[in-house]
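An overview of the molecular structure
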Amino acid sequence: MGRLDISAQAVGELSFCNSLPLTVPLEPYMTTNPSRGPQMLDMDEDIPPELVDHLLDLYFQWEQPWNQVVDETLFRKSQGDNGRFFSTLLLNCILAIGSRYSERIDLRTDPNDPNTAGQLFLDSAEVMLHFDLRSPSIVTVQSLSVMAMAYVVSNIPQSSLLIPLIMPSC
């Protein structure tokens, strides 16, 4: 069975190790600050709070009732005080699915393809997962579950099959 290897990688790459290694460059998702080295792009600066609230409301109204992975009360409380039931990874996974319920064209990477709604959030979450797996928690498991559903609703079901390979003991 394959595994995600993050211990022996050079800064800026992610590798999935199986019979054939697959290396994914992280450079498109990173920026370099001369004083601090590589840094993840901070999407929170670019996303208006009204949009985040809109997408969270859509997720909890339409997705949460039938796929109860995240407790809305705990998540929102933790979001406000940076508590243990909130992470940027989980937020991006939720925003990816919330985007699927929104009619906003600007949430699509291709304005003519509704299947691309939320792809930017999903791409960011995939990169964040690499770092979150260094110290996994219940929020990591929630993120993986929401991410798997995001793959399915984005019409990428084969990608959701990779989730058990990343966290086989879940």
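Before going into details, it helps to say that this report is about the structure given with it.

Conventions we followed
- In this numbering scheme, every chain counts its residues from 1 along its sequence in written order.
- Owing to the predicted nature of the model, reporting of local features is limited to residues with pLDDT of at least 70; listing and counting of side-chain atom pairs is limited to 80 or more, with chain, interface and lining totals taken over all residues.
- Where side-chain values are given, they derive from all heavy atoms of the structure, hydrogens and water being excluded.
- Where helices and strands are cited, they refer to DSSP runs of H or I of at least four residues and of E of at least two residues respectively, numbered from the N terminus.
- Think of it in three bands: residues with accessible area under 20% of the maximum for their type are buried, residues over 50% are exposed, and the middle band is partly exposed, with areas taken using a 1.4 Å probe on protein chains only.
- Accessible areas in this description were obtained via Shrake-Rupley with a 1.4 Å probe; residue shielding takes into account the shown protein chains only.
- Polar contact is the term for a pair of N or O atoms within 3.5 Å; when the atoms are in protein, one must be able to donate a hydrogen and the other to accept it, and sequence-neighboring residues count only if both atoms are side-chain atoms.
- Think of it this way: a Phe, Tyr or Trp ring, Trp meaning its six-membered ring, pairs with another when their centres are within 6.5 Å, and the plane angle makes it stacked under 30 degrees, edge-to-face over 60, tilted otherwise.
- Patch membership requires more than 30% relative accessible area and the absence of a salt bridge. Residues of like charge join within 9 Å; the nonpolar side chains Val, Leu, Ile, Met, Phe, Trp and Tyr join within 5 Å.
- Only one rule defines a salt bridge in this text: a Lys or Arg side-chain nitrogen within 4 Å of an Asp or Glu carboxyl oxygen.
- The definition of a nonpolar core used throughout is a set of buried Ala, Val, Leu, Ile, Met, Phe, Trp, Tyr and Cys residues joined through side-chain atoms within 4.5 Å.
- Residue contacts follow a heavy-atom distance rule, with two residues in contact if any of their heavy atoms lie within 4.5 Å.

**Section: the overall build of the protein chain**
Counting its secondary structure elements, the protein chain contains 7 helices and 5 strands. The secondary structure elements of the protein chain, listed N-terminal to C-terminal, are β-β-β-β-β-α-α-α-α-α-α-α. Counting across all 170 residues of the protein chain, residues that qualify as buried make up 42%. Accessible area of the protein chain: about 9700 Å², with a carbon and sulfur share of 55%.

**Regarding helix α2 (residues 72-81)**
If you check the start of α2, you find a side-chain oxygen 3.1 Å away from the backbone N of T73, and it comes from D71. Phi turns positive, to about 55 degrees, at N82, one or two residues after α2.

**Here's the deal with the packing of aromatic side chains**
Each aromatic ring pair is specified by the distance between its two centres and by the angle formed by the two planes. Counted by the stated rule, this structure contains 3 aromatic pairs. Ring plane angle 50 degrees and centroid distance 6.0 Å describe the contact between F60 and F75, whose orientation is recorded as tilted. Here F60, found in helix α1 (residues 49-63), pairs with F75, found in helix α2; they are 15 residues apart in sequence, far enough to count as distant. Through pairs of rings, three or more aromatic residues link up here, namely Y59, F60, F75 and F86.

**Quick notes on a nonpolar patch on the surface**
On the surface, a nonpolar cluster with roughly 370 Å² of combined accessible area is contributed by W62, W66 and Y101. Considering the arrangement of structural elements, one finds W62 in helix α1. Judged by relative accessible area, which is 46%, W62 ranks as partly exposed.

**Comments concerning the nonpolar core**
With 33 residues, the main nonpolar core has L56, V70, F75, I94, V146 and M147 as its most contacted residues. Of all elements in the fold, only α1, α3 (88-101), α4 (119-132) and α5 (138-153) reach the threshold of two or more residues within this core. Broken down by element, the residue count for this core peaks at 8 residues, all from α3. Excluding its chain neighbours within four sequence positions, the residues that come into contact with V146 are Y59, V69, V70, L90, C93, I94 and I97.

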